[in-house]
Amino acid sequence: MNVDQSHEDGFAVPRQESAEEITAYVEAVRAALSGLPEATRDELLEDLPEHLAEVAADDVGPLADRLGPPAVYAAELLASAGFVGGFPDPPARTDRIAEARAAIADWLREIDARTGPLFGAARASEFLLLLRPAWWVLRGYLAAMVVAWVLDSSAQPMGVLPRIGGSDVVALVLLAGGILASIWLGRRSRQTTNGPRYALWAGNAVLVLVALAGFNHVDGRSRDVFYDDANYTDPYGHVRDVFVYDEQGRLIQGARLFDQDGQPIRLGSPYCLDEAAQTDIPAADESAYPYCAQNAPFRMPDAAPTPSGPRPSDPTPSGPRPSGPSPSAGR
């Protein structure tokens with residue numbers, strides 16, 4: 001600080017270095033007013049030292065930086081000599097925020113004027129004004145989609161309409177209401193105050209982000225198509241064993257399955273549960289069915305399992321016939 005905290009007769013007492021600066025400044029102003037009569041000059045400078053002491057108390061730099069050069073200050077003092085107060089106030093500090101705002105506004109106006117011819121208009125903003133009704137409709141659609149997404153609790157995909165519970169009627173009503181409300185807001189937006197107008201702009205920005213995310217999601221789903229969308233399942237994937245029965249309902253053991261090309265058909269898992277050890281053990285014959293005969297789903301009450309190998313009704317295996325006369329040959 002350039003002034004002491006003590007006071008004499010209600011006035012701030014300047015420090016030694018500030019007093020010297022004030023004295024030099026007063027003498028420079030007096031020299032700049034040398035063309036005035038002595039009495040007028042003394043009257044103008046009567047309260048100048050006290051005023052300079054108050055300015056120096058702000059400790060924001062030399063007096064010449066705050067008040068300007070003494071010659072300039074003397075000219076301002078002459079201009080204000082006819083007003084109460086006598087001494088001109090220091091110039092107001094520059095509002096940097098206002099300057100930055102003005103610079104950005106000038107830059108945007110320049111871009112607006114330069115891009116206008118690209119759209120066939122003097123300014124780009126004039127062309128955008130023509131698109132406002134289309135934006136009002138799109139905004140209503142996006143708002144309806146957001147409302148449906150928030151309120152819909154079903155697991156069904158929404159699609160391109162704002163359905164709630166999969167209802168097309170609700171989707172059309174919600175879509176019409178959103179568009180009409182958006183048009184009403186658009187026509188009244190210029191009459192609103194700054195607060196509601198800023199809130200509307202923020203809502204528009206949110207809807208634009210929602211639209212970009214939604215369109216990106218739909219585009220990704222339309223391009224990312226995989227074969228697993230067919231949901232193919234093997235109808236025999238759950239088969240663990242195969243049980244073959246003859247025409248009398250008897251279980252056939254040792255059966256083997258082949259396709260039309262003579263290739264063996266393999267189904268199930270050739271393991272049987274060991275009840276004692278409570279573990280799976282390999283089947284006795286992994287190429288014949290059933291693997292586990294004891295797990296047959298049904299069995300004839302009086303029919304034993306058909307043994308593997310030739311049955312009594314099977315034709316006699318072919319082979320050399322015995323030589324000699326037949327029993328009927330001597331008849």
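Data block above holds the structure.
Below or above, wherever it landed, is the structure these notes cover. (Residues numbered from 1 in each chain as written. Predicted model: local features only at pLDDT ≥ 70, side-chain atom pairs only at ≥ 80, totals over all residues. Heavy atoms only, no water.)

Let's shift gears to the nonpolar core. Counting residues in each nonpolar core, the largest one holds 17 residues, and the members touching the most others are Tyr25, Val29, Leu33, Leu48, Leu52 and Leu63. Where this core is concerned, the elements lending two or more residues are helix 1 (16-32), helix 3 (48-56), helix 4 (63-67) and helix 5 (70-79). Sorting elements by how many residues they give to this core places helix 3 first, with five residues. If we skip the residues at most four places from it in the chain, valine 29 touches Leu45, Leu48, Pro70, Tyr73, Ala74 and Leu77. Val242, Ala283, Tyr289 and Tyr291 belong to the second-largest nonpolar core, a separate cluster that totals six residues. (Core = buried A, V, L, I, M, F, W, Y, C linked by side-chain atoms within 4.5 Å. Buried < 20%, exposed > 50% of the residue type's maximum accessible area, 1.4 Å probe, protein only. Helix = DSSP H or I, 4+ residues; strand = E, 2+ residues; numbered from the N terminus. Contact = heavy atoms within 4.5 Å.)

On inspection of all chains with the given rule, the structure shows one disulfide. Each sulfur of the disulfide joining cysteine 272 and cysteine 292 lies 1.9 Å from the other. Between cysteine 272 and cysteine 292, the S-S torsion sits near -105°, and that sign places the bridge as left-handed. Taken as a pair, cysteine 272 in strand 5 (residues 271-274) and cysteine 292 in the segment after strand 6 (279-282) lie far apart in primary sequence, 20 residues in all. Like cysteine 272, the residue cysteine 292 is buried in the burial classification. (Disulfide = S-S within 2.5 Å.)

Turning our eyes to something else, we now look at the side chain of aspartate 112. Position of aspartate 112 relative to the elements: it lies in helix 6 (residues 96-115). Look at aspartate 112: it is buried, it has no salt bridge, and the nearest opposite charge is arginine 123 at 4.0 Å. Within the local environment of aspartate 112, its side chain forms a polar contact with the backbone nitrogen of alanine 124, the two atoms lying 2.8 Å apart. Excluding anything up to four places from it in sequence, aspartate 112 contacts Ala122, Arg123, Ala124 and Ser125. (Lys, Arg positive; Asp, Glu negative; His and termini not counted. Salt bridge = Lys/Arg side-chain N within 4 Å of Asp/Glu carboxyl O. Polar contact = N/O pair within 3.5 Å; in protein donor to acceptor, adjacent residues only side chain to side chain.)

Glancing now at the side chain of serine 182. Mapped onto the elements, serine 182 comes out in helix 9 (residues 168-188). Sequence-distant contacts of serine 182, defined by excluding residues within four places in its chain, comprise Trp136, Arg139 and Gly140.

Evaluated as defined, the whole model comprises seven salt bridges. The closest approach of N and O atoms between glutamate 110 and arginine 114, which form a salt bridge, is 2.8 Å. Of the two residues, glutamate 110 and arginine 114 are both situated in helix 6; the distance of four residues between them amounts to about one turn of the helix. Overall, glutamate 110 belongs to the partly exposed group, its relative accessible area being 37%. In this structure, aspartate 246 and arginine 250 form a salt bridge, with 2.9 Å as the shortest nitrogen-oxygen distance. Aspartate 246 gets classed as buried once you look at its relative accessible area, which sits at 11%. Here arginine 250 falls in the partly exposed class, since its relative accessible area comes to 23%.

Note that every value here comes from positions in space, so none of it alone points to a role or purpose.
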